[in-house]
Amino acid sequence: MARHAAQPGENIVQPRPRPQTESAPAAQASLQERRPRTLKHGDSFGLFDRSGDLDGLPGSPEGLYHLDTRYLSRLRLLVNGQSPVLLGSDLNVEDTSLTCDLTNAAVPGTAEDGTARGQLHLRRSKFVWNGACHERIAIRNFGDQTLSARVDFAFGADFADLFEVRGRTRPRRGRMHEAGIGRSEVVLRYTGLDEITRSALLGFCPQPASIGPAEACYTLTLPPGGREVLFLSVSMSEAPAGEARPPEEPPLAPNHAFHAALRASRRAQRRATARAAKVETSHDIFNEVLRRAADDLGMLLTEKPGGPYPYAGIPWFSTAFGRDGLITAWQVLWFDPAIARGVLHFLASTQAEAEDPANDAEPGKILHEMRAGEMARLREVPYGRYYGSVDSTPLFVMLAAAYLDRSGDTATLRDIWPNVEAALGWIDRYGDRDGDGFVEYQRRTPQGLINQGWKDSGDSIFHADGSLAEGPIALVEMQAYVFAAWRAAARIARVLDLPARAEGLEARAARLREDFDAAFWDEALGTYVLALDGAKRPCRVRSSNAGHALFAGIARPERAARLVRTLMDPASFSGWGIRTLAAGEVRYNPMSYHNGSVWPHDNALIAEGFSNYGYRAEAARVLEGMFGAAEHLELRRLPELFCGFPRRKGAGPTPYPVACAPQAWAAVAPLSLLSSCLGMNFSPKIGCVGFQRPSLPSLLDSVVLRDLRLGEARIDIGFHRVDQEVGMAVLARQGDIRATMTS
């Protein structure tokens, strides 16, 4: 994710090293080695091993988390003192629950008292809902003799802040309390230096034979074919120290809680699924990729007062990030516009109103990141409510207009228009620091991010010789976003009957386009330069950032063909996707975070730019590359990023060790790429869905879009490819809606 620090494998070239601002996830905590299973709901998530356990080992990221704190770090299910043998585990279709099939390991002994492996089957089902993890373990004896089995739950809590899990060290921590032990429950508590007491309540059903501060034990006797069912719930909560908060009603027993929460989660999933469009294609594996995209999006959505908000990614970024939420909502605007409305409302409500250098906040600026853990509360990290991204603010304005174009919802736009104006005011007053017409960034706190675009690791912005750019830095994509924001605000202003405001914004955008081309285009490179440094020297580097000039529309039409060729040249296009940095650049490293890796969301935005400039075949090639990657990856899931090594026949992409998966803007990249290939657009005033020169990649013969909505009306549309031509047919419709296609 466009995130806080250099990652493992970076910094092979360091002519002028510069300290990073945040510890990266430790290399020994490779998520690729662990291949964990993830569950999430609201502000809670779990990162489990494939058996459903938490290992509790130093340096491990596994745990059950709530509000940026790891409440449970260890949870092991033991049968006769040994870990069961894993038969298989998988997430259900909707990503809402994990099922693990296990069997007992062999217990040595005589023929009379020994137990052979594979006599007991354990089906372990678990999910996260409303601040709790619910678990059910069904145990059945498939042997031909009565078996006695001891089943233990071993558990532990470190109440580590997420940034501690990621590698930060703290000179002081709060205090652990003595465990509270009842007949069927254990309460583990920690009071932090922020004077907040965090509690994990473990409830067991039926009552264990014995229970202690770190273990609950059952002794089972199972005849042939006999079956027992055990339940465990782990509820997480926080309250000011010394303030007891009794539940409003008696808590449900774990078995009843399991079933009640399961029903509630399924109802919520059905509501979200009913709201969004559906996609079917002629390719079964492509359908799996699209289903995984929709399911991962559903997992990451978190209800806020203004609507759903996509949290950025698990495990490191399961919270609200401005840039990520905005781009994710943009990518699925055609699919589920309610997400864009939720993102706009939340970011409007958290928009900065005053200067606060410690948080890189300035009036009108849009949030970068919000954290709720102990370290953020104590300002040991500046991310409690942090504004250190330069691009979230114009992206907010862009999404506002795009949402209006998609939905026709003028009421929402009237409501947030003051926030749009505040964002435009930030661009004018704080964005252009030296009055040269370009928007730059430079952090205002030593603890903040050095680089504040989406490539925000410390070595991502540099010159052709590898020397790091000194600020204030004007990124290529930032100018593109400001151009698009001014045009977007002009469209909103016209709808709100503010013609003079609209004309002024359009004039500014036109001037910026000319100035941008003169300062950023590099004919020798065949692309726009990466950035201008504080001395206005161009960073003459071939990067994927230049593709965002197509996405945002600032690129002059006569530049498009050359720029597309540069981006699709083998130096940049790996076969899986467009690299963040072209091979041959001095800092190129295919294993780096931002200097040669491949990011699905980056590719989706560039492909949208290709499509907007008429390069649908190239957009289809990007889609084919991303599909090829997903086809090889576990669960058909696109991760945050993968390494930029060239595509090899018969092999999949090389994983990046600590990439988040699921990651919102990566998860939905296939949905965005498909929309770009179809050239989809909306005209809510006349109830029309349009498709301009649609193209389908060679792997797809047909695509069907169902429940595509404009207001209360809906339509089903089919596309069929014959050679290079694509035909369209309306399959069903309800209400005043139609579809058109231009070729």
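Residues numbered from 1 in each chain as written. Predicted model: local features only at pLDDT ≥ 70, side-chain atom pairs only at ≥ 80, totals over all residues. Heavy atoms only, no water.

In the nomenclature of an unreviewed UniProt entry, the chain is known as Amylo-alpha-1,6-glucosidase of Roseomonas marmotae.

A few words on the sheet that holds strand β30 (residues 688-692). Spatially, three strands are ordered β29-β30-β34 in an open sheet, and the strand pairing comes out mixed. Lying at the two open borders of the sheet, with one neighbouring strand each, are β29 (680-683) and β34 (738-742). Taken over all neighbouring pairs, the strand axes of this sheet differ in orientation by 25° on average, direction set aside. (Pairing = 2+ DSSP bridges. Helix = DSSP H or I, 4+ residues; strand = E, 2+ residues; numbered from the N terminus. Axes fitted to C-alpha atoms, helices over the stretch in contact; angles between N-to-C directions.)

This structure, assessed with the given rule, holds 48 salt bridges. Put simply, E634 and R37 hold a salt bridge, and the shortest N to O gap is 3.2 Å. In this pair, E634 is assigned in the loop between α15 (616-632) and α16 (664-667) and R37 in strand β1 (residues 37-41), connecting sequence segments 597 residues apart. According to the relative accessible area criterion, R37 is buried, its value standing at 2%. Salt-bridge contacts for R559 lead to D517; the nearest nitrogen and oxygen are separated by 2.9 Å. Of this pair, R559 sits in helix α13 (residues 557-568) while D517 sits in helix α11 (residues 499-520), and the two are 42 residues apart along the sequence. Assessed through its relative accessible area of 18%, R559 is described here as buried. D517 sits in the buried class, given a relative accessible area of 5%. One salt-bridge network, in which partners are shared between bridges, spans D517, E523, R556, E558, R559 and R562. (Salt bridge = Lys/Arg side-chain N within 4 Å of Asp/Glu carboxyl O. Buried < 20%, exposed > 50% of the residue type's maximum accessible area, 1.4 Å probe, protein only.)

With 94% of its residues at a pLDDT of at least 70, the chain reaches an overall mean of 92. In this model, residues 1-28 is a region of pLDDT below 50 whose contacts with residues beyond four sequence positions or in other chains number 113 contacts. (pLDDT = per-residue confidence, 0-100. Contact = heavy atoms within 4.5 Å.)

With their axes 9 Å apart at the nearest point, helix α5 (residues 322-331) and helix α8 (residues 392-407) run at an angle of 25° to one another. Judged on the interaxial angle alone, α8 and α5 are roughly parallel. Crossing of α5 over α8 shows left-handed handedness. Contact residues: α5 offers G322, R323, L326, I327, A329 and W330, while α8 offers S392, L395, F396, M398, L399 and A402. Per-class residue counts for the contact of α5 with α8 are nine nonpolar, two polar and one charged. (Parallel < 35°, antiparallel > 145°, perpendicular 65-115°, else oblique. Left-handed = near helix turned anticlockwise from the far one by under 90°. Nonpolar A, V, L, I, M, F, W, Y, C, P; charged D, E, K, R; others polar.)

A few words now on α8. The end-to-end C-alpha distance of α8, which contains 16 residues, comes to 22 Å, matching closely the 22 Å that a straight helix rising 1.5 Å per residue would cover. A positive backbone phi angle near 70° is found at G408, which sits one or two residues after α8. (Expected span 1.5 Å × (residues − 1).)

Attention now moves to α13. The end-to-end C-alpha distance of α13 is 17 Å, a good match for the 16 Å that 12 residues give at a rise of 1.5 Å each. All buried positions along α13 are accounted for by R559, A560, L563, V564, T566, L567 and M568.

So, about the pairing of strand β4 (residues 63-66). With burial as the criterion, each face of β4 is covered, one bearing G63 and Y65 and the other bearing L64 and H66. Where strand β2 (residues 44-48) meets β4, four bridges bridge the pair, whose relative direction is antiparallel. Following the sheet pairing, F45 is matched in β4 by Y65. By the bridge criterion, three bridges tie β4 to strand β5 (residues 69-72) in an arrangement that is antiparallel. Within the sheet, the bridge partner assigned to L64 lies in β5 and is L72.

When the UniProt feature table is mapped onto this chain, "domain: Mannosylglycerate hydrolase MGH1-like glycoside hydrolase" (unreviewed entry) is found at residues 327-631. What you have in residues 327-631 is 49% helix and 4% strand, and the ends, taken at the C-alpha atoms, are 24 Å apart. (UniProt positions renumbered as here; feature names shortened; annotations may be inferred.)

With that out of the way, let us pick up the pairing of β29. On β29, burial follows the alternation: M680 and F682 on one face are buried, whereas N681 and S683 on the facing-out side are not. Turn length for the β29-β30 hairpin, with the two strands adjacent in sequence and antiparallel, is four residues, and the turn residue G687 shows positive phi of about 65°.

Read from one edge of the open sheet, five strands run β1-β2-β4-β5-β12, paired in antiparallel fashion. Both edges of this open sheet fall to β1 and β12 (160-161), since each of them pairs with a single strand only. Note that β5 and β12 share two bridges and pair antiparallel. When the sheet's bridge partners are listed, T69 is paired in β12 with D161.

By the definition in use, this model includes 25 aromatic pairs. Here the aromatic rings of Y383 and Y386 are separated by 5.0 Å at their centres, their planes lie at 85°, and the arrangement is edge-to-face. Its relative accessible area of 0% is what places Y383 among the buried residues. Look at Y386 and you get buried, because its relative accessible area is 0%. (Phe/Tyr/Trp six-rings, centres within 6.5 Å; stacked < 30°, edge-to-face > 60°.)

Let's shift gears to the nonpolar core. In terms of nonpolar packing, the biggest core is built from 174 residues, with W334, F396, Y528, F610, L705 and L708 touching the most fellow members. No other element matches helix α10 (residues 476-495), which puts 14 residues into this core. Apart from residues no more than four positions distant in its own chain, Y528 is found in contact with V476, F516, D517, F520, W521, V541, A546, A549, A555, R556, R559 and L563. Judged by nonpolar contacts, the second largest core, of 42 residues, contains L54, Y71, A200 and L222. (Core = buried A, V, L, I, M, F, W, Y, C linked by side-chain atoms within 4.5 Å.)

With omega at 0°, the peptide bond leading from C205 into P206 counts as cis. If you trace the backbone, P206 turns up in the loop between β16 (196-205) and β17 (210-211). Note the cis peptide between I314 and P315, where omega equals 10°. Phi is positive for D68, close to 65°, though the residue is something other than glycine. As for its placement among the helices and strands, D68 is situated in the loop between β4 and β5. For N130, which is not a glycine, the phi torsion comes out positive at approximately 50°. Here N130 lies in the loop between β9 (120-129) and β10 (132-141).

What follows covers the packing of α5 against helix α14 (residues 600-612). Axis separation between α5 and α14 bottoms out at 11 Å; the angle between their running directions is 50°. With respect to their mutual orientation, α5 and α14 come out oblique. Seen from above, α5 lies across α14 with left-handed handedness. Listed contacts from α14 to I327, W330 and Q331 of α5 are H601, A604, L605 and E608. Here the contact of α5 with α14 is composed, by residue class, of four nonpolar, two polar and one charged.

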